[in-house]
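# Commentary on secondary and tertiary structure
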Amino acid sequence: MVDAEPDPYTVAQAIVYRQLTASPKSRLQLARKLAERNVPEHVAEAVLDKFQEVRLIDDAEFADMWVRSRSQSRKLAKGALRRELAEKGIDQETAASALEQLTDADEASAARGLVERKLRPGTDLSDPTERDKAVRRLASMLARKGYQPSQAFRIVNEVLDSQLDPDQQGGQSRYP
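Residues numbered from 1 in each chain as written. Predicted model: local features only at pLDDT ≥ 70, side-chain atom pairs only at ≥ 80, totals over all residues. Heavy atoms only, no water.

Per an unreviewed UniProt entry, the protein carries the name Regulatory protein RecX and comes from Pseudarthrobacter enclensis. Check the Function (unreviewed entry) section of the UniProt entry for the protein; it says "Modulates RecA activity." Its UniProt record gives the protein a comment under Subcellular location (unreviewed entry), which states: "Cytoplasm". (UniProt positions renumbered as here; feature names shortened; annotations may be inferred.)

### Section: the overall build of the protein
Within the protein one finds nine helices and zero strands. Each helix and strand of the protein, ordered N terminal to C terminal, gives the series α-α-α-α-α-α-α-α-α. What you see for the protein is a C-alpha radius of gyration of 23 Å, clearly larger than the 16 Å of a compact globule of 176 residues, by over 25%. In terms of overall dimensions, the protein has C-alpha extents of about 85 × 30 × 20 Å along its principal axes. For the protein, with 176 residues in total, the buried portion stands at 38%. A fraction of 64% describes how many contacts in the protein between residues 6 or more apart in sequence connect residues 24 or more apart. (Helix = DSSP H or I, 4+ residues; strand = E, 2+ residues; numbered from the N terminus. Rg over C-alpha atoms; globule rule 2.2 N^0.38 Å. Buried < 20%, exposed > 50% of the residue type's maximum accessible area, 1.4 Å probe, protein only. Contact = heavy atoms within 4.5 Å.)

### Some words on the UniProt feature "domain: RecX second three-helical" (unreviewed entry) in the protein
Under the UniProt annotation, "domain: RecX second three-helical" (unreviewed entry) lies at residues 58–99. Summarising residues 58–99: 79% helix, 0% strand, and an end-to-end C-alpha distance of 16 Å.

### Section: the packing of aromatic side chains
Pairs of aromatic rings are described using the distance from one ring centre to the other and the angle between the two planes. Going through the model one piece at a time under the given rule, you end up with two aromatic pairs. Their ring planes at 25° and their centres at 5.8 Å tell us that F62 and W66 sit as a pair that is stacked. Of this pair, F62 and W66 both sit in helix α4 (residues 59–73), four residues apart, which is roughly one turn of the helix. One exposure class covers both F62 and W66, and it is buried. (Phe/Tyr/Trp six-rings, centres within 6.5 Å; stacked < 30°, edge-to-face > 60°.)

### Describing the environment of A31
Relative to the elements of secondary structure, A31 occurs in helix α2 (residues 27–36). When the C-alpha atoms of A31 and K78 are compared, they prove to be 26 Å apart, with 47 residues separating the residues in sequence.

Here it is in structure tokens:
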């Protein structure tokens, strides 16, 4: 007896279940995975619609979870998180709603913590050349995590100023 060709709907369901078991995914990520596996588009859409109907796929919930997770574990700013969500197929409105859970104070606190952690011990902050080098390095690190340049420089300078003795503070950096 020859095995029958597997039902594309069943194959698509199995792929989606496997993907969701590994980690939460957006609808676009699952659609891409099904396309990679050559699942016909009409079958993929039907399966994804069914999973969405029973709330196993929920882009808003995915976006909320993604923002919480990545802002805590990687200390990413809203800009970087917005880009990541867009790459995963989350629309701007859903992304904006998910990003509302991050306050400016949360973002600034995360940035301060990163700068404090990445500040090299023994850096002579009273030496203008050393301080400028530290400012550039730390502000660049924050920029890679999605922080705006003005915010990055401000936070870096605040943290570095707090590391100086009180009589050394003031006017140590050329950066705003």
